[in-house]
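# Breakdown of the fold
Next come the chains, spelled out residue by residue.
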Amino acid sequence: VLYQRLKVPPSVNQFTRALDKNTATQTFKLLDKYKPEDKAAKKQRLLAIAEKKAKGEKVEQSKAPNVVKFGLKHVTALVEQKK
């Protein structure tokens, strides 16, 4: 009864309902595909480009893979920049 009578701000109330296990699993699998590359993967990617340049082959500049951005300040700044 007390919980129903209390006024809870919307920013806190959003955490009262959690995702079900199936949806959470799907979400985490999706986000796992877009996690930032680690230092070893980045080094390997850059070494492969360097080796192709050394051999004299034509090299396409490979961009870093797409990642999910996180962090309140970072995401806010990206929204302000419309990215």
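Residues numbered from 1 in each chain as written. Predicted model: local features only at pLDDT ≥ 70, side-chain atom pairs only at ≥ 80, totals over all residues. Heavy atoms only, no water.

## A look at a nonpolar patch on the surface
Judged by side-chain polarity, Phe28, Leu30, Leu31, Tyr34 and Val68 come together as a nonpolar surface patch covering roughly 470 Å² of accessible area. One can find Leu31 in helix α3 (residues 21–33). (Patch = residues over 30% accessible without salt bridge, like charges linked within 9 Å, V, L, I, M, F, W, Y side chains within 5 Å. Areas by Shrake-Rupley, 256 points an atom, 1.4 Å probe, with all protein chains shown as cover. Salt bridge = Lys/Arg side-chain N within 4 Å of Asp/Glu carboxyl O. Helix = DSSP H or I, 4+ residues; strand = E, 2+ residues; numbered from the N terminus.)

## Details of the pattern of salt bridges
In the structure shown here, the tally under the stated rule is two salt bridges. Across the pair Asp32 and Lys35 runs a salt bridge whose closest N-O atoms are separated by 3.5 Å. By relative accessible area, Asp32 is classed as partly exposed at 46%. Lys35 gets classed as exposed once you look at its relative accessible area, which sits at 53%. A salt bridge links Arg45 to Glu37, with the shortest nitrogen-to-oxygen separation between them at 2.8 Å. (Buried < 20%, exposed > 50% of the residue type's maximum accessible area, 1.4 Å probe, protein only.)

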